[in-house]
Every structure is written in C-alpha cells, then in structure tokens.
Amino acid sequence: MNTENEILCETIKPKVHFTDNDLLFPTNPIKVNLIGAGGTGSQMLMTLARMSHALTQLNHAGLSARLWDDDVITEANLGRQLFAESELGFYKSVALINRVNRFFGTNWKAETKRFEKDSFGNTQKNMESTIFISCVDNVNTRFEIAEILKNLNNGKFYRNTAKYWVDFGNALFSGQVLLSTIGTVRQPNSEKYETVANLPFITEEFGELLMQSETEDDTPSCSLAEALEKQDLFINSTLAQMGSSLLWNLFRNGMTENRGFFLNLKDFRTQPIKL
C-alpha cells in the first residue's frame, strides 16, 4: 500500500515548456530581432551566428538576424565590447553585421536606430520577427519593448509571429537572463510533464525590482577604465554564452525546464530560474 508521501510524489509532475513547432521545423530561416549592440549584444550576435551555422548543419533552416542600435563606436568600447580601433566612429550595428556577414556568408541586417515606436506611436518596419533578444541597460527601454511586443502579438504576421522574448540584464558583477513567451505557446498533451504555455514578461514578473534597480547615472563612459567601474570585463560575455545555451536548448531539446538564471561572477554562483 502506497504511503501518503509516495502518492504525493506520483502526482507531482516536473514543469516544462515545449518549444513552439515553428522553431523546430521551419521552412525559412527564423527571424530574430537583437536589440542592443553593446557589451552583451555584440557578444550575442556572434553566438547567434554560430548557432545558425550549427542549425543549418543539422538540416534546420537556421536564423536570420536584424541588429538594432543607434550608437556609434567610441574609445571606451574597445576591449570590453567586440570592436576594433579601425571601426571608431562607425555605427555599432553596421560594424558587427558586416563582420558576421563576411565571416559566415549570411545576409543579416543592421538598423542604425532605436527599437522604438515612431513619432506617430506605430511600430516600425522590420520589427516583426519570431524571437526578440534585448540587451539593453535601461529599465524604461525594457518596458517600451514589452509594450511593442504586445502590440506585435496582436498583428497578422503569420510567418513571423512573435513567439519568444529573451532579456539580458546585468550590473557590475551580476546579471540575469529571462525567457518569456509573447502570448501563449500551444503545448502538447503530456502524461509525464506539467506543461507551461505562458512565460510572463520580465516587466510583469519583476517590474518593481527593475524600477528599484534603475540608477540615475546613465552617462556614457569616456574610457575603458571608467566603463569597467560599471561592468566587469567578462560579465557580458558570460551572460551571452549562458543565455545562448538556454536558447540553443529550445532548438536541440525541444523543451526546457528552466526559463533563465541569475549569475554572480564575484563568487561564481549561478541560480536557475525554474518554470
């Protein structure tokens, strides 16, 4: 006869989110909007290019990325971000996209403007895609992105229906990555797992904490030394690698039990965020 604890263990199923089928079996490259080309964004573009190449080798259609950033490269960006001295004065998005296209033979696109609504309050052309990745250092920008994604989800773009948002954020030594669904992603029936169809936005789940974490000092750094006072040298690249692994698992495993993680490089701790 089963004990009460055994019965309880039998009824509790692990929570998982199954990847939308459009990501697993696409007929065309999956469109990705990467927002921000700074410390984390510049690293993310490279991992996305590697991911796309690996996917095509596995008979997948791969990715098609568009990078959004209106900033230009300065002396302070050299070293911590992936830029060379010869690129000073160029738009970050253009320099990075040109480099990736030459290296991987892709035809990815650069936008030399912010990912925001136009002066009439409408979404911009080329905003629609399936996956959105935000690497921004401003809390208000995150809320603006969230509003745009909700509007895009109400659109009629069947091929490029917005499905996922991956947000990256960091402080000096710490950071986090959070995966969200844009609306509800249909889940299959499962006897083994408790499926989760909706993963809330970071602005919905951690909105108050985000507002509390906002700092008043948003002035650009004038040197690498000054920039390193705000962000550790390897926090961005570490977040990019781990966050890319989260996205990669959606493609390779078709499911995830985690929707992100917290990272602290000062004492080398990571904490997964379970569904």
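Description of the structure in this document. (Residues numbered from 1 in each chain as written. Predicted model: local features only at pLDDT ≥ 70, side-chain atom pairs only at ≥ 80, totals over all residues. Heavy atoms only, no water.)

1. Here's the deal with the overall build of the protein
Broken down by element type, the protein carries nine helices and eleven strands. Counted over contacts in the protein with a minimum sequence separation of 6, partners at least 24 positions apart contribute 68%. With an accessible surface of roughly 14800 Å², the protein has 50% of that area assigned to carbon and sulfur atoms. (Helix = DSSP H or I, 4+ residues; strand = E, 2+ residues; numbered from the N terminus. Contact = heavy atoms within 4.5 Å. Areas by Shrake-Rupley, 256 points an atom, 1.4 Å probe, with all protein chains shown as cover.)

2. With respect to the sheet that holds strand S2 (residues 30–35)
Taken in spatial order, the eight strands line up as S4-S3-S2-S5-S6-S7-S10-S11 in an open sheet, and their pairing is mixed. Looking at which strands have only one partner, the edges of the open sheet turn out to be strand S4 (109–111) and strand S11 (269–274). The sheet shows a mean angle of 15° between the axes of neighbouring strands, taken without regard to direction. Of the pairings in the sheet, the one linking strand S10 (residues 258–264) to S11 comprises six bridges and is antiparallel in character. Note on S11: the bridge partner recorded for Asn264 is Arg269. Packed onto the sheet, helix H5 (residues 139–153) meets S2, strand S5 (131–135), strand S6 (164–170) and strand S7 (174–181) and runs at close to 180° relative to S6. Packed onto the sheet, helix H9 (residues 235–252) meets S2, strand S3 (63–68), S5, S6, S7, S10 and S11 and runs at close to 165° relative to S10. (Pairing = 2+ DSSP bridges. Axes fitted to C-alpha atoms, helices over the stretch in contact; angles between N-to-C directions.)

3. Thoughts on unusual backbone geometry
Glycine aside, a negative phi is what most residues show, and trans is what most peptide bonds show. The backbone phi angle of Asn59 is positive, close to 65°, even though this residue is not glycine. One can find Asn59 in the loop between helix H3 (39–57) and S3. By relative accessible area, Asn59 is classed as exposed at 76%. Phi at Phe268 takes a positive value of approximately 60°, unusual for a residue other than glycine. For Phe268, the location among the structural elements is in the loop between S10 and S11. (Buried < 20%, exposed > 50% of the residue type's maximum accessible area, 1.4 Å probe, protein only.)

Everything listed here is a matter of coordinates, which is why it stays silent on function.
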